Amino acid sequence: MMSANPYRQASFLTSASRTSQLPEDSLSEVAFAGRSNAGKSSAINTLCEQKALARTSKTPGRTQLINFFTIDDQGRSLVDLPGYGYAKVPENMRREWQQLMESYLSKRPQLKGLIIIMDIRHPLKEYDLQMLQWCDYMGTPVHILLTKADKLKTGAASQQVMYVRKAIKEAGYVASVQPFSALKKTGVNELKKVLDDWFEFGTQDESA
Ligand code: GDP
């Protein structure tokens, strides 16, 4: 039987620093991207109900890794993409990140969708738009988590959600948008619904 939260079973599979190292046993995956410090690790840990599954590298300039977490024995996995947007990162590392992201997004047919994490107070920065553009080009579905929603009052948070939806539409992209808070654990069910849909949980009988 499927557990109430299949993401609780997430466990580290492997890391890749080049697309040649991407694991072949990951058959369907959902990736998480976001500016450094936006709250990506906290969102993954909240989703998986684990304290330190995804960790933040506070060191800019460190080797950028794509981390894979297995969630079941059907080859489903969550993918933690390297954070972007460190102000002090040298140009060559920026280019490396761009190449890694571009080749990951374009060479991964098993990628079902991308979750882009943005701080609700600072959405749609340069690299966020870059990710949206690549996904649009590749036809990869995108869901946006506006996290740290607890930092704003309820009214201001919903205004930000509406603003981001409108801006995305005006830019010609398609993406769903929701508020989220790892601190207050709000928005988790909405996120799970998107993932369940992309992973096709519940659409087939897996109890056999
Ligand atoms: P990452 O670099 O994107 O993985 O970001 P982290 O998950 O490490 O979070 C960066 C900082 O933001 C940390 O100090 C977190 O405690 C804080 N943070 C993350 N999510 C939330 C949230 O939902 N609410 C609040 N108030 N702080 C958060």
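Before reading further, recall that the structure is shown in the block above.
All of these numbers come straight from a predicted model, not from anything done at the bench.

Definitions and cut-offs
- Residues numbered from 1 in each chain as written.
- Predicted model: local features only at pLDDT ≥ 70, side-chain atom pairs only at ≥ 80, totals over all residues.
- Heavy atoms only, no water.
- Near = heavy atom within 4 Å.
- Polar contact = N/O pair within 3.5 Å; in protein donor to acceptor, adjacent residues only side chain to side chain.
- Helix = DSSP H or I, 4+ residues; strand = E, 2+ residues; numbered from the N terminus.
- Nonpolar A, V, L, I, M, F, W, Y, C, P; charged D, E, K, R; others polar.
- Buried < 20%, exposed > 50% of the residue type's maximum accessible area, 1.4 Å probe, protein only.
- Contact = heavy atoms within 4.5 Å.
- Pairing = 2+ DSSP bridges.
- Axes fitted to C-alpha atoms, helices over the stretch in contact; angles between N-to-C directions.

Q: How would you explain the site of the ligand if you had to name every residue and give the values?
A: In the neighbourhood of the ligand, 17 residues make up the surrounding shell, with Asn37, Ser41, Ser42, Thr56 and Asp150 lying closest. Between the ligand and Asn37, the relevant distance is 2.7 Å, taken from an oxygen atom to a main-chain nitrogen or oxygen of the residue. Here an oxygen atom of the ligand sits 2.7 Å away from a polar atom, N or O, in the main chain of Lys40. The element contributing the most residues to the shell around the ligand is helix α1 (residues 40-48), with 3 residues. Looking at the shell around the ligand residue by residue, the classes come out as 3 nonpolar, 8 polar and 6 charged.

Q: Pulling in residues and values, what's your account of α1?
A: Along an α-helix, residues three or four apart share an orientation, since each turn contains 3.6 residues. Extensive coverage of α1 is indicated by the burial of 8 of its 9 residues. Along α1, the positions that sit buried rather than exposed are Lys40, Ser41, Ala43, Ile44, Asn45, Thr46, Leu47 and Cys48. In this fold, the buried residues of α1 make contact with β2 (28-34), β4 (76-80), β5 (111-119), β6 (142-147) and α5 (188-199). The positive-phi residue at the C-terminal boundary of α1 is Glu49, with phi of around 50°.

Q: Please set out unusual backbone geometry residue by residue, giving values where relevant.
A: Positive phi outside glycine occurs at Glu49, with the angle close to 50°. Take Glu49: it is sitting in the loop between α1 and β3 (66-70). The phi dihedral of Glu200 falls on the positive side, at around 60°, and the residue is not glycine. By the element assignment, Glu200 lies in the segment after α5.

Q: Can you lay out the sheet that holds β2 for me, pointing to particular residues and giving the numbers?
A: Strand-to-strand pairing in sheets goes through backbone hydrogen bonds, with the strands running parallel or antiparallel. Spatially, the 7 strands line up as an open sheet ordered β1-β3-β4-β2-β5-β6-β7, and their pairing is mixed. At either end of the open sheet lies a strand with only one pairing partner, and these are β1 (11-16) and β7 (176-179). Taken over all neighbouring pairs, the strand axes of this sheet differ in orientation by 25° on average, direction set aside. Two elements, β3 and β4, share 4 bridges in a ladder whose sense is antiparallel. Directly across from Phe68, in β4, lies its bridge partner Val79. Sitting on the sheet, helix α3 (residues 126-138) touches β2, β5 and β6, and the angle it makes with β5 is about 160°.

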